[in-house]
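Breakdown of the fold
Residue strings, one per chain:
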Amino acid sequence: MDAPPPQLSSPPRLALWLRAHAPELLFALLLLAVLPMRDLWAPDEPDFAQCVKEMRLRGDWILPYLNGVPYSEKPILYYWVMKASSVLLDALTNGLGFTQGVAAWALRLPSVLAAVAFLSAFRRWAARFLEPGLAEPAALILATTPLWFWQSQFIQIDLLFSALLAWSWFCWLGGYLLQRRPEESGQPGESRRWFLKAYFWLALAFLAKGPLAPVLSVLVLAAFLAWQRDLAVLRRAGIVAGLAITLLLVSPWYIAAGVKGGAHYAYELIIFQNFERATKAWDHIHPWWSTASTSWATSSPGCCGCPRWPCTCAGSAASRIPRSASFCWPSSSPSSSSAWCRASRASTCS
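Residues numbered from 1 in each chain as written. Predicted model: local features only at pLDDT ≥ 70, side-chain atom pairs only at ≥ 80, totals over all residues. Heavy atoms only, no water.

Under the annotation held in an unreviewed UniProt entry, the chain carries the name Glycosyltransferase family 39 protein and is attributed to Candidatus Geothrix odensensis. Its UniProt record gives the chain the following Subcellular location (unreviewed entry) comment, quoted word for word: "Cell membrane". (UniProt positions renumbered as here; feature names shortened; annotations may be inferred.)

Okay, here's the thing in structure tokens:
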């Protein structure tokens, strides 16, 4: 009797994990390699570094300070992650590269982590909701978008805000698609959980850059639902729960900061930095349309050499996502906020 053929041993779990996460790991290694290569660049990086330095010296987690004055430029989330990164890495590395409690590479790490985490989450989202085979190219498009890669290595709020807001939108879109295709839902209530996750990440985006997060979200949602002609979904999307989640996560810090910083700080944080800054720019003074001259380059992926590529994605995904976002192209461009979804039908790509 012939002996049974030898069974091939399965690859180790580590090898499987490395293979499954290769795009994110390569992107992370590239970003980590450039972190310590330069000092702080004006105008933003020195200001953020000084704020973290003063927060550490004061032992303060409520207000950022710049030259001894409460700094109202943005809400607190980005300062929290920068300070946490500095405290942790200062202790773990025994102060490697740190001066007076801050190091440029440690302050840049939150942007790197946000970029890599979103890249991984977006790739899984694409594998879940788009046609098979689109997740890897979609992640490659994102990773090679010039402005996304550029912002991933800077001490600026933009990348963290973009990642949080874009993921909030994709979570909401995931819940919407599961309601449109209930047969693909893995378990009862899955669409509602996607909606609730969307509101959680939206609240964090609010804590990162203020009311801009809900304003952009409302505009994008209104345009999307108008295109879909499906306003009835608002009754099933847990909007009331979303408002409760946002208030629960956002209001404690705003109240504490207003009490500690006083009326002048509260006015600058809420009114001056949002409404007056939007209508009376005092920095980066350009016409509102000026970013169009550069956005085509900063938002175009380096791997997108074939003009028919978006149409190919749209056509192959349209069979699964009728009249919805069949080709999603995240971008960290400030002019286009965090992500935009190109809605298309297969007929438009013929």
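The subject of this paragraph is the overall build of the chain. Of the regular secondary structure elements, the chain holds 13 helices and 4 strands. With 350 residues in all, the chain has 45% of them scored as buried. Considering only contacts within the chain whose residues lie at least 6 apart along the sequence, 71% involve residues at least 24 apart. Accessible surface, the chain as shown: approximately 18100 Å² in total, 68% of it carbon and sulfur. (Helix = DSSP H or I, 4+ residues; strand = E, 2+ residues; numbered from the N terminus. Buried < 20%, exposed > 50% of the residue type's maximum accessible area, 1.4 Å probe, protein only. Contact = heavy atoms within 4.5 Å. Areas by Shrake-Rupley, 256 points an atom, 1.4 Å probe, with all protein chains shown as cover.)

Moving on: the UniProt feature "transmembrane region" (unreviewed entry) in the chain. In the numbering used here, UniProt assigns the "transmembrane region" (unreviewed entry) feature to residues 76-96, 102-122, 157-178, 199-227 and 233-255. Annotation note: span residues 76-96, helix share 76%, strand share 0%, distance between end C-alpha atoms 26 Å. Helix makes up 93% of residues 199-227 and strand makes up 0%, while its end C-alpha atoms are separated by 22 Å.

On to helix H5 (residues 104-129), then. Given 3.6 residues per turn, any residue in an α-helix points the same way as the ones three and four places further on. When the terminal C-alpha atoms of H5 are compared, their 38 Å separation across 26 residues agrees well with the 38 Å that a helix rising 1.5 Å per residue should span. The largest bend in H5 amounts to roughly 25° and is located at Pro110. The element H5 is largely enclosed, with a buried count of 20 among its 26 residues. (Expected span 1.5 Å × (residues − 1). Bend = angle between axes of the 7 residues up to and from the residue.)

What follows is about the nonpolar core. If you look at soluble globular proteins, the nonpolar side chains tend to sit buried side by side. Counting 85 residues, the largest nonpolar core has Phe118, Trp125 and Trp172 as the members making the most contacts within it. Looking at this core, the element that brings in the most residues is helix H8 (residues 157-180), giving 17 residues. (Core = buried A, V, L, I, M, F, W, Y, C linked by side-chain atoms within 4.5 Å.)

What follows covers the side chain of Ser217. The topology assignment puts Ser217 in helix H10 (residues 212-228). Other than its neighbours up to four places away in sequence, Ser217 contacts Leu165, Trp169 and Leu202.

Before going further, it helps to examine the pattern of salt bridges. All told, the structure shown has 9 salt bridges when counted by the stated rule. A salt bridge links Arg108 to Glu45, with the nearest nitrogen and oxygen atoms 3.2 Å apart. Residue Arg108 is located in helix H5, and its partner Glu45 is located in helix H3 (residues 44-58); the two are separated by 63 residues in the primary sequence. We classify Arg108 as buried; its relative accessible area is 1%. By relative accessible area, Glu45 is classed as buried at 1%. When salt bridges that share partners are traced, they join Glu24, Arg123 and Glu136 into one network. (Salt bridge = Lys/Arg side-chain N within 4 Å of Asp/Glu carboxyl O.)

The subject of this paragraph is the confidence of the model for the chain. One rule of thumb: low pLDDT means the predicted coordinates there are not for detailed reading. Scored by pLDDT, the chain comes out at a mean of 80, with 76% of its residues at no less than 70. Note that residues 303-350 has pLDDT below 50 and, in this model, 120 contacts with residues that lie over four places away or in other chains. (pLDDT = per-residue confidence, 0-100.)

All chains considered together, the criterion is met by 21 aromatic pairs. Ring-pair connections join several aromatic residues into one group, and the members of that group are Phe118, Phe122, Trp125, Phe129, Trp148, Trp167, Phe170 and Trp194. Above the plane of the ring of Trp41 lies Arg38, whose end atom (NZ or CZ) is 4.2 Å from the centre. Over the face of the ring belonging to Trp194 we find Lys197, whose NZ or CZ atom lies 3.8 Å from the ring centre. (Phe/Tyr/Trp six-rings, centres within 6.5 Å; stacked < 30°, edge-to-face > 60°. Lys NZ or Arg CZ within 6 Å of the ring centre and 35° of its normal.)

Take helix H2 (residues 22-34) next. Its 13 residues give H2 an end-to-end C-alpha distance of 19 Å, which sits within 8% of 18 Å, the value for a rise of 1.5 Å per residue. Residues Glu24, Phe27, Ala28 and Leu31 constitute the buried set of H2. Buried residues of H2, seen end-on, are gathered within an arc of 100° and therefore sit on one face of the element. Relative to its buried face, H2 has exposed residues pointing more than 90 degrees away, namely Leu26 and Leu29. Check the buried side of H2 and you find it contacts helix H1 (13-20), H5, helix H6 (135-143) and helix H7 (146-151). (Arc of directions from axis to C-beta.)

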